[in-house]
Amino acid sequence: MAKKWYVIHTYSGYENKVRTNLLHRIDSMGMQEKIFDVKIPTETVTDIKEGGKRVTSEKKVFPGYILVQMELDDESWYVVRNTPGVTGFVGSQGKPVPLSREEFNRIMKRTETGAKQKTTTDFVEGMNVKVTSGPFAEFDGTIAEVNLDRSTVKVMVTIFGRDTPVELGFDQVARV
């Protein structure tokens with residue numbers, strides 16, 4: 001029987017506890033020959049807060065899910081399924097369906113160090129902002145475009161009665 005990766009649904013926010021519980025059950029029930037690994041895929045995310053402050057953190061790729069590498073039979077299914085915090089296997093008609101090699105590789109690629117970091121910000125198109133620094137300081141405007149890769153926003157400011165697009169860094173604008 002081949003060892004394959006399965007997706008396990010858990011209570012959201014309990015992924016680490018479920019992983020710990022499952023590893024403990026594997027040891028205590030002698031299931032090392034059938035259940036081989038338990039992973040919680042995470043990725044590094046940089047949030048850009050007001051004032052341009054960058055906060056980097058680890059976030060779960062799929063909150064509420066963990067990956068388990070195992071040989072599926074009635075015994076291993078029972079051990080995983082009855083671990084506290086596990087709500088079930090992902091699959092059709094309640095039958096666990098293993099991940100394909102490509103699916104597993106695609107998920108793990110997001111978790112590798114050196115993988116492209118995800119960037120998020122509170123700034124959105126249509127948001128009213130005040131320019132806080134630079135030649136347009138004290139001007140009010142509306143965000144027309146957000147560029148996460150470059151950490152910039154295009155703000156429409158009214159100069160001499162005309163809307164003019166101005167590209168500014170996240171640290172040069174503040175919410176009104």
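Definitions and cut-offs
Residues numbered from 1 in each chain as written. Predicted model: local features only at pLDDT ≥ 70, side-chain atom pairs only at ≥ 80, totals over all residues. Heavy atoms only, no water. Core = buried A, V, L, I, M, F, W, Y, C linked by side-chain atoms within 4.5 Å. Buried < 20%, exposed > 50% of the residue type's maximum accessible area, 1.4 Å probe, protein only. Helix = DSSP H or I, 4+ residues; strand = E, 2+ residues; numbered from the N terminus. Pairing = 2+ DSSP bridges. Axes fitted to C-alpha atoms, helices over the stretch in contact; angles between N-to-C directions. Patch = residues over 30% accessible without salt bridge, like charges linked within 9 Å, V, L, I, M, F, W, Y side chains within 5 Å. Areas by Shrake-Rupley, 256 points an atom, 1.4 Å probe, with all protein chains shown as cover. Salt bridge = Lys/Arg side-chain N within 4 Å of Asp/Glu carboxyl O. Phe/Tyr/Trp six-rings, centres within 6.5 Å; stacked < 30°, edge-to-face > 60°. Lys NZ or Arg CZ within 6 Å of the ring centre and 35° of its normal.

Visitor: Just checking my understanding: could you explain the nonpolar core for this structure?
Guide: A general tendency of soluble globular proteins is for nonpolar side chains to be buried together. Core analysis: the biggest nonpolar cluster contains 16 residues, and Ile8, Leu22, Ile35, Ile66, Val68, Met70 and Val80 have the highest contact counts within it. At the level of secondary structure, the elements contributing two or more residues to this core comprise β1 (4–10), α1 (15–28), β2 (35–39), β5 (65–70), α2 (74–81) and β6 (86–89). Ranked by size, the runner-up nonpolar core spans 14 residues in total, among them Phe123, Val157, Phe170 and Val173.

Visitor: What is the right way to read the sheet that holds strand β10 (residues 128–131) from this model?
Guide: Spatially, the five strands line up as an open sheet ordered β13-β12-β11-β10-β14, and their pairing is antiparallel. The two strands at the open ends of the sheet, each matched to only one other strand, are β13 (162–169) and β14 (173–175). For this sheet, the mean inter-axis angle between neighbouring strands, taken without regard to orientation, is 45 degrees. Examined bridge by bridge, β10 and β14 share three bridges and lie antiparallel to one another. For Val131, the partnering residue across the bridge sits in β14 and is Val173.

Visitor: Please explain a nonpolar patch on the surface as it appears in this structure.
Guide: Taken together, the side chains of Met29, Trp77 and Tyr78 make up a nonpolar region of the molecular surface, amounting to roughly 310 Å² of accessible area. By the element assignment, Met29 lies in the loop between α1 and β2. For Met29, a relative accessible area of 40% translates into the label partly exposed.

Visitor: Explain the packing of aromatic side chains to me, please; I cannot follow it from the model alone.
Guide: Each aromatic ring pair is described using two quantities: the centre-to-centre distance and the angle formed by the ring planes. Under the counting rule described, the total for this entry stands at five aromatic pairs. Here Trp5 and Phe104 contribute two aromatic rings whose centre-to-centre distance is 4.5 Å and whose plane-to-plane angle is 15 degrees, an arrangement assigned as stacked. Here Trp5 is found in strand β1, whereas its partner Phe104 is found in helix α3 (residues 101–111), with 99 residues between them in sequence. Taking the relative accessible area as the measure of exposure, Trp5 reaches 7% and is therefore buried. Between Lys3 and the ring centre of Phe36, over which it is positioned, the NZ or CZ distance is 4.7 Å.

Visitor: What am I meant to see in the environment of Glu75 here?
Guide: By the secondary structure assignment, Glu75 is in helix α2. On the accessibility criterion, Glu75 (44% relative accessible area) is partly exposed.

Visitor: Looking at this model, I keep getting lost on the sheet that holds β5. Mind explaining?
Guide: Strands in a sheet are paired, the pairing made by backbone hydrogen bonds, and the direction either parallel or antiparallel. One open sheet holds the four strands; their spatial order is β2-β5-β1-β6, and the pairing between them is antiparallel. Two strands in the sheet have a free side with no partner beyond their single neighbour: β2 and β6. Geometrically, the sheet is characterised by an average inter-axis angle of 30 degrees between neighbouring strands, direction not taken into account. Two strands pair when backbone bridges link them, and β1 and β6 are joined in this way by three bridges, in the antiparallel orientation. Among the inter-strand pairings, Thr10 is bridged to a residue of β6, identified as Val86.

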